[in-house]
Amino acid sequence: MNTLPSTRQSHYGYLADGTEITQVELRNSNGIEVDIIGYGGIITRLLTADKNGQFKDIVLGLDDLDSYVKSSPYFGALIGRYGNRIAKGKFSLQGKTYQLDINDGENHLHGGSRGFDKKAWDMAPFVTEHSAGVVMSLISPDGDQGYPGTLTTEVVYELTNEDELDIRYRATTDKPTIINLTQHSYFNLAGKGTILDHQLMMNAAKITPVDKGLIPTGELADVTNTPFDFRQLKAIGKQINDDNQQLAYGLGYDHNFVLPDKKQGEMSLAARVVEPTTGRILEVHSEEPAVQFYSGNFLDGSLSGKGRSFEHRSGFCLEPQHYPDSPNHDNFPSTTLLPGDTYKTRISYRFLTTAQDLA
């Protein structure tokens, strides 16, 4: 298309307290478009090309701000302060025990009932010669959802002309705390139907098995000869209904996959998804030690947006992260952040098609 990258900012809606929420559209030189709103840093639209050059929205989303406020299952949102679950919402740090908000049965999920997905973020769009982006910033006060320390967070969304959506996180605290930030977009690379025929490769030889409350047991389990072995491309639906205790607990896939060891700050390929009919390919690269794979098991058709209802398993999530419940497992990588240190991590979504040279 040979157009320059661009951004466009517009009004999106008002929260109940009168806070205005804006939307920023990012567009690269190849026609990919990403819409992001200040509420929750939510990606509401992501337009990519198929193998024939036809563009379609590949993320699940709702139609307006009120819908996101009332009923969104984390569609497209920035997740914090802690992505995934913490058992009974309790953890200890430097001799102190903290009680977090309980919002998932008896556990704490995705930062609580007023997590980062439900905050109004400041937005500062920018354009470079090779990209369009927006800087999201948020200050979470000491005690927010039970977490210690004032957490100052910055997230940069940058859509490049290499057809990558790069997401860079930085945070600092004034008290010892825990942190595990991620992104919760639900993808459907066909833009319709279920995701069961999508082909998934996950670069993971182990998972952290869970109990019936989806809290890790503390073990690392080998995926060999189980439905969790995605080391070679395999249809998501191929073994999703197998007789397997872990699948029964998650009602499908809702598990943390452990990535190979790497140096701190090193990016690696976590997952690749191929949609056979459209030829769309999504690659997920990350600095994180793991990725949560969720197969849309709790979608039941009760939510609708973009002209369709979101039926069972009509979207999947790949959420790079540290392990769930890490503060309560000494053998898991640490999620502690201390004053004077800077939390940094990075996620990159790369958009390709089967018509391109994957080299």
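Each remark here, short or long, concerns the structure printed above.
Presented here is an overview of the structure given in this document. The model shown is predicted, which means the values in this text are computed figures rather than measured ones.

### Concerning the overall build of the chain
And step 1. Looking only at helices and strands, the chain features 2 helices and 29 strands.
And step 2. For the chain, the spread of C-alpha atoms along the three principal axes comes to 60 × 50 × 40 Å.
And step 3. Across the 359 residues in the chain, those meeting the buried criterion constitute 56%.
And step 4. Taking the contacts inside the chain whose residues are at least 6 apart along the sequence as the reference set, 66% of them involve residues at least 24 apart.
And step 5. Carbon and sulfur atoms make up 47% of the accessible area of the chain, which amounts to about 14,600 Å² in all.

### Here we look at the packing of aromatic side chains
To describe a pair of aromatic rings, you give the distance between the ring centres and the angle between the ring planes.
And step 1. If you walk through the whole model with that rule in mind, you get 16 aromatic pairs.
And step 2. Geometrically, the ring pair formed by Phe116 and Trp121 is edge-to-face, given 5.6 Å between the ring centres and 85° between the ring planes.
And step 3. With a centroid separation of 5.2 Å and an interplanar angle of 65°, the aromatic rings of Phe187 and Tyr349 are classed as edge-to-face. In this pair, Phe187 sits in the loop between strand S16 (182-184) and strand S17 (199-202) while Tyr349 sits in strand S29 (residues 343-353), placing the two residues 162 residues apart along the sequence.

### Some remarks on the pairing of strand S11 (residues 122-127)
Within a regular strand, side chains alternate between the sheet's two faces.
And step 1. Alignment of S11 against strand S12 (residues 131-140), held across 6 bridges, turns out to be antiparallel. The residue bridging Ala124 from the neighbouring strand is Val135, located in S12.
And step 2. In sequence, S11 turns back onto S12 through a hairpin of 3 residues.

### Comments concerning the pattern of salt bridges
And step 1. Tallying each qualifying case throughout the model produces 17 salt bridges.
And step 2. The closest approach of N and O atoms between Arg85 and Asp104, which form a salt bridge, is 2.9 Å. You can see Arg85 sitting in strand S7 (residues 85-86) and its partner Asp104 sitting in the loop between strand S9 (96-99) and strand S10 (108-109), a full 19 residues away along the chain.
And step 3. Residue Asp117 is joined to Lys118 by a salt bridge in which the shortest nitrogen-to-oxygen separation is 2.7 Å. This pair shows no difference in class: Asp117 is buried, exactly as Lys118 is.
And step 4. Through salt bridges with shared partners, a single network forms among Arg8, Glu25, Arg27, Glu33, Asp35 and Arg45.

### A few points about the sheet that holds strand S18 (residues 206-208)
And step 1. What the 5 strands build is an open sheet, ordered S19-S18-S21-S24-S27; its pairing is antiparallel. Two strands close off the open sheet at either side, each with one partner strand: strand S19 (221-222) and strand S27 (317-321).

### A closer look at unusual backbone geometry
And step 1. Between Gly80 and Arg81 the backbone carries a cis peptide bond, its omega angle lying at 5°.
And step 2. Structurally, Arg81 can be placed in the loop between strand S6 (77-79) and S7.
And step 3. The backbone of His110 shows a phi angle near 50°, a positive value even though the residue is not glycine.
And step 4. Positive phi is not limited to glycine here, since Asp325 has a value of about 55°.
And step 5. Mapping Asp325 onto the fold places it in the loop between S27 and strand S28 (336-337).

### Considering the environment of His312
And step 1. Here His312 is to be found in the loop between strand S26 (308-309) and S27.
And step 2. Separated by 106 residues in sequence, His312 and Lys206 have C-alpha atoms that sit 26 Å apart.
And step 3. If we ignore the near neighbours within four places in the chain, the residues touching His312 are Thr194, Gly296, Asn297, Leu299 and Asp300.
And step 4. Looking at His312, its side chain comes within polar contact range of the main-chain oxygen of Asn297, at 3.2 Å.

### Some details on the side chain of Glu158
And step 1. Among the secondary structure elements, Glu158 is positioned in strand S13 (residues 151-160).
And step 2. Within the structure, the side chain of Glu158 is placed 2.5 Å from the side chain of Ser131, a separation counted as a polar contact.
And step 3. In contact with Glu158, other than residues within four places in its own chain, are Phe126, Thr128, Ser131, Ala132, Gly133, Glu164, Leu165, Asp166 and Arg168.

### Thoughts on the sheet that holds strand S4 (residues 43-49)
And step 1. The 5 strands lie next to each other as S1-S2-S3-S4-S5, forming an open sheet whose pairing is antiparallel. Single-partner strands in this sheet number two, and they are strand S1 (6-14) and strand S5 (55-57). Neighbour-to-neighbour, the strand axes of the sheet open up by a mean angle of 15°, direction not taken into account.
And step 2. In this sheet, S5 lies alongside S4 in antiparallel orientation, the contact comprising 3 bridges.

Conventions we followed
Residues numbered from 1 in each chain as written. Predicted model: local features only at pLDDT ≥ 70, side-chain atom pairs only at ≥ 80, totals over all residues. Heavy atoms only, no water. Helix = DSSP H or I, 4+ residues; strand = E, 2+ residues; numbered from the N terminus. Buried < 20%, exposed > 50% of the residue type's maximum accessible area, 1.4 Å probe, protein only. Contact = heavy atoms within 4.5 Å. Areas by Shrake-Rupley, 256 points an atom, 1.4 Å probe, with all protein chains shown as cover. Phe/Tyr/Trp six-rings, centres within 6.5 Å; stacked < 30°, edge-to-face > 60°. Pairing = 2+ DSSP bridges. Salt bridge = Lys/Arg side-chain N within 4 Å of Asp/Glu carboxyl O. Polar contact = N/O pair within 3.5 Å; in protein donor to acceptor, adjacent residues only side chain to side chain. Axes fitted to C-alpha atoms, helices over the stretch in contact; angles between N-to-C directions.

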